[in-house]
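# A structural walkthrough
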Amino acid sequence: MKGLRMQHKLPCQNMVLELVGLEDFMELLTYGVYMFCSLPLMKRRLDVHLELEERLAKFMRTEEAIIYSYGFATIASAIPAYSKRGDIVFVDEAACFAIQKGLQASRSNIKFFRHNDMADLERLLKEQEIEDQKNPRKARVTRRFIVVEGLYINTGDICPLPELVKLKYKYKVRIFLEESLSFGVLGEHGRGVTEHFGINIDDIDLISANMENSLASIGGFCCGRSFVIDHQRLSGQGYCFSASLPPLLAAAAIEALNIMEENSGIFHTLQQKCKKMHKALEGMPGLRVVGQSLSPALHLQLEESTGSRDGDMRLLKEIVDYCMNRGIALTQARYLEKEEKHLPPPSIRVVVTVEQTDLELDKAASLIWEAAESVLN
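## A few points about the environment of Arg-107
Relative to the elements of secondary structure, Arg-107 occurs in the loop between α5 (97-106) and β3 (109-113). Sequence separation between Arg-107 and Pro-80 is 27 residues, and the spatial gap between their C-alpha atoms is 7.9 Å. Arg-107 has contacts with Lys-84, Arg-85 and Gly-86, leaving out every residue within four places of it along the chain.

Written as structure tokens, this is what we have:
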């Protein structure tokens, strides 16, 4: 069964690499489709769970990895496992909702900096450095973190990781990197933004990603040094107080890793298709493309707002409906508007996958242009 084309279909799966094979389903004969309802702490983990953690750590070239059964809960649990009341977290204002929930659960002192603005981040770090000098005793026991995404789902931008690493060592802070979108996309072998920039992975204190994008499974994982990961086995709430990942889906993730390791050319192919789609959508009347050309998730925003969010949403919905009625499935980016700290502008999200042909990409781009001209002009 070659890649299942489910990019707009299963709400829990956005298979950027579409890695699904018949071998995955052979695990049905061994484990069935059930989910362990006891906690991982009660040792209800099978060999396939342990193998997946080992394979993820090896693939990412870290000492250890830990898997969660729910992708959203991965970073939302990892942040409060380390950052507590009184600690300080510097976070990009474009951070996804899962990061925001993790920050809320940590009860830490949160300081947002402008999206990908390293000057603004350094301003906040300098202010905190001056504040620490007033109370050295408190400063010694206060932990400081920078939380960013490798590839932002809400903007399609890549984080400036080299500059972040410089600030980490200059101001003595820890970096948490959320790579749900960049894992399996960026880098020669799909290892994410660290490989993309050639950054030593040991310079990053914790890497988190879900397995619902490139690995075509569910759940998520964190990886890093052993002493960092071991802490989550007792303090990560999403790990301690949830059922184990279904064995079938753990096996599916392992098979996806096999394909990624055996055929690293798919990452170059995906990156070329992302660039192609990005270029094809540039210059549309009334719409602007938001996101970098290597991002498989692009956003189309109105060049000129109607003056109200509801009005913008209606216009974008007309474009989505126009394309849907002609065989191209698009979706509007959705947010919990009353809970987002920094609500992104209304947009249409366009997702590129490695299995889409050049003909399909050309057809989609052409129809989106046609829809924009019809609705906005």
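## What about the sheet that holds strand β6 (residues 206-210)?
Here we have seven strands laid out as an open sheet, ordered β1-β7-β6-β5-β4-β2-β3, and mixed in their pairing. Only two strands of the sheet have a single partner each, and these edge strands are β1 (64-68) and β3. If you compare each strand with its neighbour and ignore which way they point, the axes differ by 20° on average. With five bridges connecting them, β1 and strand β7 (residues 220-224) associate as antiparallel partners. Directly across from Glu-64, in β7, lies its bridge partner Gly-224. The strands touched by helix α6 (residues 118-134) within the sheet are β2 (88-92), β3 and β4 (144-149), with β3 carrying the most contacts at an inclination of about 145°.

## Observations concerning the packing of aromatic side chains
This model, assessed by the stated rule, comprises seven aromatic pairs. Centre to centre, the rings of Tyr-82 and Phe-176 are 5.5 Å apart; their planes meet at 75°, and the pair counts as edge-to-face. Placement of Tyr-82 in helix α4 (residues 71-82) and of Phe-176 in strand β5 (residues 174-178) is noted, with a sequence separation of 94 residues between them. The pair Tyr-82 / Phe-176 is uniform in exposure class, with both members buried. Within the aromatic cluster, the residues linked to one another by ring pairs are Phe-59, Phe-183 and Phe-221. Between Arg-191 and the ring centre of Phe-59, over which it is positioned, the NZ or CZ distance is 5.2 Å. The residue whose ring lies beneath Arg-326 is Tyr-322, and the NZ or CZ to ring-centre distance is 3.6 Å.

## Notes on the state of the cysteines
Counted under the stated rule, the structure contains zero disulfides. Left unpaired, Cys-222 is separated from the closest cysteine sulfur, that of Cys-223, by 7.6 Å. Cys-222 gets classed as buried once you look at its relative accessible area, which sits at 0%.

## Overview of the pattern of salt bridges
Under the definition given, this model contains 19 salt bridges. With a shortest N-O distance of 3.4 Å, Arg-233 and Glu-53 are connected by a salt bridge. Placement of the pair is Arg-233 in helix α10 (residues 226-235) and Glu-53 in helix α3 (residues 47-60), with a sequence separation of 180 residues. Exposure class is identical for Arg-233 and Glu-53. Each is buried. Residue Lys-317 pairs with Asp-321 through a salt bridge whose shortest N-O separation is 2.8 Å. Here the residue Lys-317 and the residue Asp-321 both occupy positions in helix α14 (residues 309-324), the gap between them amounting to four residues, near one helical turn. On the basis of relative accessible area, Lys-317 is assigned to the partly exposed category, the value being 41%. Its relative accessible area of 32% is what places Asp-321 among the partly exposed residues.

## Overview of the nonpolar core
In this structure, Leu-52, Leu-56, Phe-183 and Met-277 are the most contacted members of the largest nonpolar core, which totals 86 residues. Here the element with the most residues in this core is helix α15 (residues 358-376); it accounts for eight residues. Setting aside its immediate chain neighbours within four residues, Phe-183 contacts Leu-56, Phe-59, Met-60, Gly-190, Gly-192, Ala-209, Ser-214, Leu-215, Phe-221, Leu-257 and Met-260. Of all hydrophobic cores here, the second largest spans 23 residues; its members include Ala-78, Tyr-82, Leu-103 and Cys-240.

## A short note on the side chain of Asp-120
For Asp-120, the position within the fold is in helix α6. Residue classification places Asp-120 among the buried residues on the basis of a relative accessible area of 4%. Side-chain polar atoms of Asp-120 contact the backbone nitrogen of Arg-114, separated by 2.8 Å. A polar contact of 2.7 Å, which involves the side chain of Asp-120, links it to the side chain of Arg-123. If near-sequence neighbours (up to four positions away) are discounted, Asp-120 is found in contact with Phe-113 and Arg-114.

About the thresholds
- Residues numbered from 1 in each chain as written.
- Predicted model: local features only at pLDDT ≥ 70, side-chain atom pairs only at ≥ 80, totals over all residues.
- Heavy atoms only, no water.
- Helix = DSSP H or I, 4+ residues; strand = E, 2+ residues; numbered from the N terminus.
- Contact = heavy atoms within 4.5 Å.
- Pairing = 2+ DSSP bridges.
- Axes fitted to C-alpha atoms, helices over the stretch in contact; angles between N-to-C directions.
- Phe/Tyr/Trp six-rings, centres within 6.5 Å; stacked < 30°, edge-to-face > 60°.
- Buried < 20%, exposed > 50% of the residue type's maximum accessible area, 1.4 Å probe, protein only.
- Lys NZ or Arg CZ within 6 Å of the ring centre and 35° of its normal.
- Disulfide = S-S within 2.5 Å.
- Salt bridge = Lys/Arg side-chain N within 4 Å of Asp/Glu carboxyl O.
- Core = buried A, V, L, I, M, F, W, Y, C linked by side-chain atoms within 4.5 Å.
- Polar contact = N/O pair within 3.5 Å; in protein donor to acceptor, adjacent residues only side chain to side chain.

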